[in-house]
Amino acid sequence: MLTARERLARQKAHPALIELHRALSRLGSTLTVMNTGAHPDDEHSGMLAAMRFGLGMRVVIACSTRGEGGQNSLGGERSGALGVLRSREMEEAARTLDADVAWLGHGPDDSVHDFGFSKNGVDTLARWGRDKIIARLAIAYRQYRPDIVIPTFLDVPGQHGHHRAMTEAAQIALQLAADPAFVDTDLPPWTVAKYYLPAWSGGGDTYDDEVPPPATSVEMRAPGRDIPTGARFSAIGEWSRAFHATQGMGRWIVDPTMAWPLHLKKGPAGAESDIRDHLPATLADLADSLPERPAAALRTAQQQIEAAQRAFPDRAAVIAALVPAAEAIALARTLIESDALALHGHRLDRKLVEIDAALLLAEGINPIAWAEPHRLAAGGSASLKVQLDGDAGPVQVTPLVGADIAVGTAIAEGHGLSLPLTIAPEAALSEPFLPDFASLGGNGALRIAVTATIGGREATGVFDLEEPLTIAPAHTVALQPAAIIVNIAARHATETLDVAVRPVLADVPMAIQTPSGWQVARTDNGFAVTPPADLAPGLYRLPLQIDGQQAFAEQTIAYPHIGRTAFIAPQELAILALDLALPANTTIGYVGGGSDRVAYWLKAMGLDVTELDDAALAGDLSGFTSIVIGTFAFGQRPALRQITDKLRDWVEAGGHLLTLYHRPIDGWDVQKTPPRPIKIGSPSLRWRVTNPAADVSSLLPNSPLLSQPNIIGPDDWSGWDKERGLYFAAEWDAAYEPLLAMSDAGEAPLQGALISGKIGKGRHTHTSLVLHHQLDKLVPGAFRLMANLVQPA
């Protein structure tokens, strides 16, 4: 349930008159455009805003992954949790564009997921399953019936492999969707009328298209400004993009884009001056292809829709025009022959739904619905609350529920209703990755349909809950710690590992499942785990059970721009046993940017670590032998940017500064940020190694950073996940020496993954290796290398 302040903020963000204008603008077009991309934030938001709010077209965003392999500028969410967060960002970004979302990938357990950066579309399709992603896209074409499909990126060398894969799949799926022999779905075949490629380059800070864009066939021109807000459409696009906050999106635009060049790859012959040419763009255009009686009805509907749009903001006049428009469309539907109805019936059905939505808004019917509580376990009960505006006339509220939810009889409650809910005892946990998002409502396991008679027409709209009803585990617990590093070299044979369980469930049976030879005992607040004396190196994952069933951990995800959600995953105790030597006489200050857990892992290794807040940065740093700057920290911590001279002096006096990877946009000044100049490579595609198994060569194997206290060898580079590194240094001062060389297949070796240099009496080391990710994945070599990198100068 939202707080009063949250509800007020949401109401303020969606003024009733603007929402009514948005609803009326939908009625101006019968076309659907689909924009395809690989990640949340790939959508071409400014162009889509112009298509939706300027031309009235329905917009669908087809996205192949949840972005779970990407970066996070906001916090520590990774993998599945990041996928949940970025899915919510995409939904809110789509809501701003009044767009639908067709998800083609369903989280990290699906083969179609974001596995990190790729330079090759063919390899990406192989990992996703080429036939799978093409079939899913073909089904999306059949489901949404787009007239126009536009991928955001070109399939050219120098572009992200995920982008290239989606553009290749988008084109191949055109034929599959239209093929009657494709029967993976009950949906009838659909032929996309126009397939455009962007006629702009995808190069920039990240990518580097090696092939010029294709010639422009037509420009998608922005028709002036958005009427109700007065904003440029490219500005509305940035309103939408700002919801992709984990990716640092949302720019202030001084020179708005007014036209987007497109190249017609597939479509009807003949010149065009508008992307809508040769298509049934309005009901009147559709009428031109029909016999006289249905054509006359559709022309009447078009006239009434235009009258309603002119009548805005006179709500009574809007209703007076929309009711006969709906009647005329319904009449035309009964008169159109079956072949034409199969081709165009979805357009008429959509218009009737959109007219009903506009009628309800014009009548002042915009209910608020929520569940109390909105998170409950199987077998639990709650109340569905529906609040109606006091000025609204009689309405009928019908809950729309999933198979595991039962709804009781409604009870009047003030200006609304209260309905009891019961969750079936055998109900499964809510799926964190839903297959789609509908801008007109109908999302989640519980929604409401509201029906009212308006101007003699029975209008129905579907409304989502303020927060979705979620079926969660009866108990979610956290193990503290959830991962333990066991140093075999320093371990006592009978060493016991204490693990706390939060919250303490004293009366609930719990157990940790262990291999043979391990001992586990319950304690007052958790468990005492004793590994066998001859514990072999390796990673051990020990499931936690509650009442004989798999236990779950819940990671709460809450940010102002997406509200509250959570990621639920099986709870287990991870134990990494390895031979790890720690540097002596080392005291570490850690400056985090909120986007990694390196400080946690350094402490788990047994090192002396102090996390430095802004006050500590302003204080005396001389007590630290080493200071580690976390990923993105110079961009996220203004106080850190203000002490670069102080850090330089600290290094020159004998300190060891270790900076983890940064992007050029993360407050990284080539001349001022590092103690000596270091330039980070751009575009980043040219300065990264995406193969996590790429060969690594030691250029200076006797360097202390590679030889003490741990000798870094080939085994330390095995088992890496996602990639080796990114944002490699491209140029550096003569004080630095490169320690490693690596590359992706067929490319020249890069030497900017790990550089280090003596600065005065101290040392500065900069690494672009994704050590923070490897630590999270409990890769042994990452811990051994990190121990070396934090040693005193």
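Further up the page is the structure itself.
As the structure is a computational prediction, the values presented were derived from the model and not from experiment.

A.B. asks: Just give me the short version of the overall build of the protein chain, but keep the residues and values in it.
C.D. replies: Of regular secondary structure, the protein chain possesses 20 helices and 40 strands. For the protein chain, the spread of C-alpha atoms along the three principal axes comes to 90 × 65 × 55 Å. The buried share of the protein chain, taken over its 793 residues, is 53%. Sequence separation of 24 or more characterises 74% of the internal contacts of the protein chain that already satisfy a separation of 6 or more. Accessible area for the protein chain stands at about 32300 Å²; split by element, carbon and sulfur atoms hold 52% of it. Computed over 66 positive and 89 negative side-chain charges, the separation of the two mean positions in the protein chain equals 3 Å.

A.B. asks: Provide a residue-level description of the pattern of salt bridges, including the pertinent values.
C.D. replies: Enumeration according to the criterion identifies 40 salt bridges in this entry. A salt bridge links Glu-219 to Arg-221; the nearest nitrogen and oxygen atoms lie 2.9 Å apart. Classification of Glu-219 as partly exposed rests on a relative accessible area of 32%. Residue classification places Arg-221 among the exposed positions, given a relative accessible area of 52%. Via salt bridges that share partners, Arg-88, Glu-91, Glu-92 and Arg-95 belong to a single interconnected network.

A.B. asks: Quick rundown of the packing of helix α11 (residues 315-335) against helix α12 (residues 338-362)? Include the residues and the values.
C.D. replies: In the contact formed by α11 and α12, the axes pass within 10 Å of each other and the chain directions differ by 160 degrees. Our classification of the angle between α11 and α12 gives roughly antiparallel. For the pair α11 and α12, the crossing hand works out as left-handed. Of α12, the residues touching α11 (which contributes Arg-315, Val-318, Ile-319, Leu-322, Val-323, Ala-325, Ala-326, Ile-329, Ala-330 and Arg-333) are Leu-341, Gly-345, Leu-348, Asp-349, Lys-351, Leu-352, Ile-355, Ala-358, Leu-359, Leu-361 and Ala-362.

A.B. asks: Any chance you could break down the sheet that holds strand β33 (residues 656-659) for me, citing the residues and the numbers?
C.D. replies: Read across the open sheet, the seven strands follow the order β31-β30-β32-β33-β40-β39-β37; overall the sheet is mixed. Each end of this open sheet is capped by a strand with a single partner; those strands are β31 (608-611) and β37 (736-738). Taking each pair of neighbouring strands and ignoring which way they run, the sheet shows an average axis angle of 20 degrees. Seen against the sheet, helix α17 (residues 644-652) touches β32 (626-629), β33, β39 (754-759) and β40 (762-767) and runs at an angle of roughly 120 degrees to β40.

A.B. asks: Can you explain the sheet that holds strand β11 (residues 396-401)? Please cite residues and give values.
C.D. replies: With antiparallel pairing, three strands are arranged side by side in an open sheet as β11-β16-β17. Looking along the sheet, the strands with just one partner apiece sit at the ends: β11 and β17 (457-464). Averaged over all adjacent pairs, the angle separating strand axes in this sheet is 25 degrees, with direction ignored. Here β11 pairs with strand β16 (residues 446-454) via six bridges, running antiparallel. Among the inter-strand pairings, Gln-396 is bridged to a residue of β16, identified as Thr-451. Contacting β16 and β17, α12 runs over the sheet at an angle of about 85 degrees to β17.

A.B. asks: How would you summarise the pairing of β32 if you had to cite specific residues and measurements?
C.D. replies: Residue alternation in β32 divides its side chains into two sets, Ser-626 and Val-628 and Ile-627 and Ile-629, and both sets are buried. The sheet contact formed by strand β30 (residues 587-591) and β32 spans four bridges and is parallel. Within β32, the position partnered with Tyr-590 by the bridge is Val-628. Summarising the sheet, β32 and β33 pair through four bridges and their orientation is parallel. Each residue of the ladder has a partner; that of Ile-629, found in β33, is Thr-659.

A.B. asks: Account for the packing of helix α6 (residues 130-144) against helix α7 (residues 161-178), naming residues and giving values.
C.D. replies: Look at α6 against α7: their axes get within 8 Å of each other, and the N-to-C directions meet at 60 degrees. With respect to each other, α6 and α7 are oriented oblique. Crossing of α6 over α7 shows right-handed handedness. Residues Arg-130, Ile-133, Ile-134, Ala-135, Leu-137, Ala-138, Tyr-141 and Arg-142 of α6 lie in contact with α7, whose contacting residues are Met-166, Glu-168, Ala-169, Ala-170, Ile-172, Ala-173, Leu-174, Leu-176 and Ala-177. In the contact of α6 with α7, the residues fall into 14 nonpolar, no polar and three charged.

A.B. asks: Can you break down the environment of Leu-465 residue by residue, with the values?
C.D. replies: Looking at where Leu-465 falls in the secondary structure, it is placed in the loop between β17 and β18 (470-471). Setting aside residues up to four positions removed in sequence, Leu-465 forms contacts with Ala-369, Trp-370, Ala-371, Leu-384 and Leu-446.

A.B. asks: Go over the side chain of Thr-530, please, and point to the residues and values.
C.D. replies: The topology assignment puts Thr-530 in strand β24 (residues 526-530). Reaching out from Thr-530, the side chain makes a polar contact with the side chain of Thr-496 at a distance of 3.0 Å.

A.B. asks: Summarise helix α3 (residues 45-54); cite the residues concerned and give the values.
C.D. replies: Most of α3 is tucked away, with nine of its 10 residues classed as buried. Remark: Gly-56 follows α3 within two positions and exhibits a positive phi of approximately 80 degrees.

A.B. asks: For helix α4 (residues 79-97), give the residues involved together with the corresponding values.
C.D. replies: Its 19 residues give α4 an end-to-end C-alpha distance of 27 Å, which sits within 8% of 27 Å, the value for a rise of 1.5 Å per residue. For α4, the buried fraction is high: 16 of the 19 residues fall into the buried class. Of the residues flanking the end of α4, it is Asp-98, one or two places downstream, whose phi is positive at about 55 degrees.

A.B. asks: How would you sum up the side chain of Ser-240? Please name residues and give values.
C.D. replies: On the secondary structure map, Ser-240 appears in helix α8 (residues 233-241). With sequence-adjacent residues up to four places away left out, Ser-240 is seen in contact with Ser-45, Ala-93, Thr-96 and Leu-97.

A.B. asks: Before we move on, can you summarise the pairing of strand β14 (residues 416-423) with the specific residues and values?
C.D. replies: Successive residues of a regular strand alternate their side chains across the two faces of the sheet. Relative to β14, strand β10 (residues 381-387) is paired through seven bridges, and the arrangement is antiparallel. In the strand pairing of β14, Lys-385 is matched with Ser-418. Here strand β13 (residues 411-413) pairs with β14 via three bridges, running antiparallel. Residue pairing for β14: Ile-411 is matched across the bridge by Ser-418.

A.B. asks: Any details on the packing of aromatic side chains? Residues and values, ideally.
C.D. replies: Counted according to the given criterion, the structure contains seven aromatic pairs. Ring centres 4.9 Å apart and planes at 80 degrees place the aromatic pair Tyr-600 and Trp-601 in the edge-to-face group. Taking the relative accessible area as the measure of exposure, Tyr-600 reaches 31% and is therefore partly exposed. Taken together through their ring pairs, the aromatic side chains of Tyr-600, Trp-601 and Phe-783 make up a single cluster. Stacked on the ring of Trp-720, the Lys or Arg Arg-724 has its end atom at 5.2 Å from the ring centre.

The rules behind the values
- Residues numbered from 1 in each chain as written.
- Predicted model: local features only at pLDDT ≥ 70, side-chain atom pairs only at ≥ 80, totals over all residues.
- Heavy atoms only, no water.
- Helix = DSSP H or I, 4+ residues; strand = E, 2+ residues; numbered from the N terminus.
- Buried < 20%, exposed > 50% of the residue type's maximum accessible area, 1.4 Å probe, protein only.
- Contact = heavy atoms within 4.5 Å.
- Areas by Shrake-Rupley, 256 points an atom, 1.4 Å probe, with all protein chains shown as cover.
- Lys, Arg positive; Asp, Glu negative; His and termini not counted.
- Charge placed at Lys NZ, Arg CZ, Asp CG, Glu CD.
- Salt bridge = Lys/Arg side-chain N within 4 Å of Asp/Glu carboxyl O.
- Axes fitted to C-alpha atoms, helices over the stretch in contact; angles between N-to-C directions.
- Parallel < 35°, antiparallel > 145°, perpendicular 65-115°, else oblique.
- Left-handed = near helix turned anticlockwise from the far one by under 90°.
- Pairing = 2+ DSSP bridges.
- Nonpolar A, V, L, I, M, F, W, Y, C, P; charged D, E, K, R; others polar.
- Polar contact = N/O pair within 3.5 Å; in protein donor to acceptor, adjacent residues only side chain to side chain.
- Expected span 1.5 Å × (residues − 1).
- Phe/Tyr/Trp six-rings, centres within 6.5 Å; stacked < 30°, edge-to-face > 60°.
- Lys NZ or Arg CZ within 6 Å of the ring centre and 35° of its normal.

Just distances and angles here, no functional claims.
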